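# Coordinates in review
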Amino acid sequence: MTVVTLWAIPISANSSSCRSFLKACGIDYDEEMAFGRTRTVQYVSKFPTNLTPAIEHGDVCISETGAILRYVARNFELSKKYYLLHQQAQIDMLMDFTSTSLCVLIPKACYPSLGFPTEFGDVASMEVTKAHTDEASAAACHALLKILDDTYVGHFLSETKFLLSDEPTIADFRFAPMLNIIKVGCVLPARLKLYLKDMNAITGISDGCKDVVRFMSKYYKKDNNNTLWN
């Protein structure tokens with residue numbers, strides 16, 4: 001069987017989503033360090049988006065976390081467990097929502113505290129606005145927390161253990177590892193602390209996210225009220 005190659009960055013939360021899923025599913029894979037290589041001719045010839053994470057599997061080369069999770073679930077016959085037909089539209093919706101809502105805010109909310117460069121046009125990236133970085137970061141953190149409270153806690157985790165049912169789907173593998181960086185900017189609501197604890201109990205999740213947690217935990221926002229599962 002052709003081995004999967006995961007191109008990843010150890011402390012990337014997006015990379016940890018893919019790594020965790022591969023580990024949880026018991027899929028053999030090799031991991032290559034993508035940092036410093038995503039703009040090389042060799043990398044771009046395989047992955048024109050020059051993004052990471054990305055996977056190679058035979059002649060198939062895919063980037064984007066959601067696309068990778070879907071490909072692995074389908075190609076390795078895991079759809080009956082993690083990408084059930086009757087849930088696929090909702091799973092796709094949730095994975096897209098994670099990418100277009102949370103992942104847009106995370107750099108603005110968390111990167112300044114981590115010392116990471118922010119995106120072009122962000123307050124922290126321009127000299128004329130850099131003095132307002134803390135204010136902008138706080139606003140992004142507030143927006144993140146509102147999404148977590150209103151959408152994830154208030155709806156998708158209000159009656160079930162995981163996002164769509166009492167069994168995890170690839171939407172959970174897309175979302176849960178992102179909480180490990182979100183904790184840099186926000187104290188997680190109690191329901192999400194329990195959710196993350198339940199996700200970490202799945203074989204492969206903690207191992208797949210360990211480098212992210214090891215690095216990010218030094219910067220986690222302190223929970224003065226309750227440190228349980230934080």
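Fair warning: this is a prediction, and the values are worked out from it, not measured in the lab.

### Some points on the pairing of strand β2 (residues 29-33)
- As defined by bridge partners, strand β1 (residues 4-8) adjoins β2 across 5 bridges and the pair is classed as parallel. In the sheet register, Ala 8 faces β2, and the bridge partner there is Met 33.
- On the question of chirality, the crossover connecting β1 to the parallel β2 by way of helix α1 (residues 13-24) is right-handed.

### A word on the sheet that holds strand β4 (residues 60-63)
- Strands sit in the order β2-β1-β3-β4 across an open sheet of 4 strands; the sheet is mixed. Of all strands in the sheet, those with a lone pairing partner are β2 and β4, marking the two edges. The sheet shows a mean angle of 20 degrees between the axes of neighbouring strands, taken without regard to direction.
- Here 3 bridges tie β1 to strand β3 (residues 54-57), and the two strands are oriented antiparallel to one another. When the sheet's bridge partners are listed, Thr 5 is paired in β3 with Glu 56.
- Against the sheet, α1 touches β1 and β2, its axis set at about 155 degrees to β1.

### Focus: the packing of aromatic side chains
- Throughout the structure, instances matching the rule amount to 12 aromatic pairs.
- Measuring from centroid to centroid gives 4.8 Å for Tyr 43 and Phe 47, while their planes differ by 50 degrees, and the two rings are tilted.
- Ring geometry for Tyr 111 and Phe 116: centres 5.3 Å apart, planes at 75 degrees, overall edge-to-face.
- Put simply, the rings of Phe 97, Tyr 152, Phe 162, Phe 175 and Tyr 195 pair up and form one aromatic cluster.

### As for the environment of Cys 141
- For Cys 141, the location among the structural elements is in helix α6 (residues 133-156).
- Look past the residues within four positions of Cys 141 in its chain and what remains in contact with it is Ala 109, Gly 185 and Cys 186.

### Points about the environment of Tyr 29
- Inspection of the secondary structure assignment puts Tyr 29 in strand β2.
- Sequence separation of Tyr 29 and Ser 99 is 70 residues, and the distance between their C-alpha atoms is 24 Å.

### Topic: helix α5 (residues 88-114)
- Along α5, the sharpest kink reaches roughly 35 degrees, centred on Ile 106 and followed within four residues by the proline Pro 107.
- At the C-terminal side of α5, Gly 115 shows a positive phi close to 80 degrees.

### Examining the side chain of Ser 137
- Summarising the element assignment, Ser 137 is placed in helix α6.
- According to the relative accessible area criterion, Ser 137 is buried, its value standing at 9%.

### Some remarks on unusual backbone geometry
- Residue Pro 53 follows Thr 52 across a cis peptide bond; omega there is 10 degrees.
- For Pro 53, the position within the fold is in the loop between α2 (41-46) and β3.
- Phi at Asn 50 is positive, roughly 45 degrees, even though this residue is not glycine.
- With respect to the helices, strands and loops of the structure, Asn 50 is situated in the loop between α2 and β3.
- For Glu 64, which is not a glycine, the phi torsion comes out positive at approximately 80 degrees.
- On the basis of relative accessibility, which here comes to 45%, the residue Glu 64 falls in the partly exposed class.

Reading the values: the criteria
- Residues numbered from 1 in each chain as written.
- Predicted model: local features only at pLDDT ≥ 70, side-chain atom pairs only at ≥ 80, totals over all residues.
- Heavy atoms only, no water.
- Pairing = 2+ DSSP bridges.
- Helix = DSSP H or I, 4+ residues; strand = E, 2+ residues; numbered from the N terminus.
- Right-handed = clockwise from strand over helix to strand, strands pointing away.
- Axes fitted to C-alpha atoms, helices over the stretch in contact; angles between N-to-C directions.
- Contact = heavy atoms within 4.5 Å.
- Phe/Tyr/Trp six-rings, centres within 6.5 Å; stacked < 30°, edge-to-face > 60°.
- Bend = angle between axes of the 7 residues up to and from the residue.
- Buried < 20%, exposed > 50% of the residue type's maximum accessible area, 1.4 Å probe, protein only.

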